[in-house]
Amino acid sequence: INSVNALEGIRFYVSFACSWAFAELKKMEGNAKIIKFISRDENLHVAITQNIIKYLTENKEEGFQDIIKKSEDKVYEAYKIAVEAEKDWANYLFSKGNLVGLTNDSLNTYIEWLCNNRLQSIGYKKLYPNAKNNPLAGWLDSYYDSKKLQVAPQETELSSYVKGVDNTITENA
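Residues numbered from 1 in each chain as written. Predicted model: local features only at pLDDT ≥ 70, side-chain atom pairs only at ≥ 80, totals over all residues. Heavy atoms only, no water.

### Remarks on the pattern of salt bridges
What counts is decided by this rule: Only one rule defines a salt bridge in this text: a Lys or Arg side-chain nitrogen within 4 Å of an Asp or Glu carboxyl oxygen. Residue exposure (1.4 Å probe, protein chains only): buried if accessible area is under 20% of the type maximum, exposed if over 50%, otherwise partly exposed.
As enumerated under the stated definition, the model contains four salt bridges in all. A salt bridge links D41 to R40; the shortest N-O distance between them is 4.0 Å. Judged by its relative accessible area of 23%, R40 falls in the partly exposed class. One salt-bridge network, in which partners are shared between bridges, spans E84, K87 and E112.

See below:
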């Protein structure tokens, strides 16, 4: 569960930020809208796994207390691997120069800050003490909050994936 949380909570976020930076420059705006849907799904997966981890951590009767304590180093290692992969991706993307508003350093600090945030939300300590603030805060926040998106009614896309699904449960199912 922690590995899924690290994957969904860290990986892809450099690409999300870069896609949205293009949209801020009025380039590839349609792509940014699609990426926003993908990001929303990733954040839902993070929330689900965070809740599962918290539940297992807080409820001794579930029997995971010893496993949680024994696995702490593995949790940190999973997050470090995810962060390093994102930093490598940012280094590659910005190896020829910066994008207006983004730099390799700002993305690296963002990923470290995000990792700290994710770890703290499930009861672990920060890995990166120097990443105290989100260097992309402000403009990036509007892309994470789908309620802030303003579009004309004819331009809206369906944001719900549930269409015509019978979600009733019977004993015989």
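Next, the rest of the story.
### What to know about the packing of helix α2 (residues 13-24) against helix α5 (residues 72-93)
The test is simple: Only C-alpha atoms enter the line fits that serve as axes; for helices the fit covers just the stretch in contact. Angles between N-to-C directions range over 0 to 180 degrees. Going along the chain from the N terminus, every DSSP run of H or I of four or more residues is numbered as a helix, and every run of E of two or more is numbered as a strand. Contact definition: two residues touch when any of their heavy atoms are within 4.5 Å.
Between α2 and α5, the shortest axis-to-axis distance is 9 Å and the interhelical angle comes to 35°. On the side of α2, the interface is formed by Y13, V14, S15 and C18, while α5 contributes E86, W89, A90 and L93.

### Description of the nonpolar core
The cut-off we apply is this: Among the buried residues, those of types Ala, Val, Leu, Ile, Met, Phe, Trp, Tyr and Cys that are joined through side-chain atoms within 4.5 Å form a nonpolar core.
The biggest cluster of nonpolar side chains holds 37 residues, and the ones touching the most others in it are I10, Y79, L102 and L107. Of all the secondary structure elements, the ones that give two or more residues to this core are α1 (2-10), α2, α3 (29-58), α5 and α6 (104-121). Per-element tally for this core: the top contributor is α2, with eight residues. The contact partners of Y79, leaving out residues within four places of it in the chain, are N2, N5, A6, I10, C115, R118, L119, I122 and L127.

### Examining α2
As a reminder, the rule being used: Expected span, for any helix, means 1.5 Å times one less than how many residues it has.
Relative to the 16 Å expected for twelve residues at 1.5 Å per residue, α2 spans 16 Å between its end C-alpha atoms, a close match to the ideal helical length. Within α2, nine of the twelve residues are buried, which leaves it mostly tucked inside the rest of the structure. When α2 is considered as a whole, its buried residues turn out to be Y13, V14, F16, A17, C18, S19, W20, A21 and A23. Buried residues along α2 sit in contact with α1, α3, α5, α6 and α7 (141-144). In the stretch just after α2, K26 is the one whose phi turns positive, near 65°.

### A look at α3
A rise of 1.5 Å per residue sets the reference length of α3, with its 30 residues, at 44 Å; its end C-alpha atoms lie 43 Å apart and thus fit the reference within 8%. Residues of α3 that are buried: A32, I35, K36, S39, D41, E42, V46, T49, Q50, I53 and L56. Against α1, α2, α4 (65-70), α6 and α7 lie the buried residues of α3.

### Regarding the packing of aromatic side chains
For the record, the criterion: By convention, a stacked pair of Phe, Tyr or Trp rings (six-membered ring in the case of Trp) has centres within 6.5 Å and planes under 30 degrees apart, an edge-to-face pair has planes over 60 apart, and any other such pair is tilted. Either the NZ atom of lysine or the CZ atom of arginine qualifies as a charge over a ring when it sits within 6 Å of the ring centre and within 35 degrees of the ring normal.
With the rule as written, the count across this model stands at five aromatic pairs. An angle of 75° between the planes, with centres 5.0 Å apart, marks the rings of Y13 and F16 as edge-to-face. Here F16 and Y13 lie together in helix α2, a separation of three residues that amounts to about one turn. Since its relative accessible area comes to 0%, Y13 is described here as buried. Of the residues examined, F16 reaches a relative accessible area of 4% and is grouped as buried. In this structure, R118 packs its charged tip against the face of Y13, placed 5.3 Å from the ring centre.

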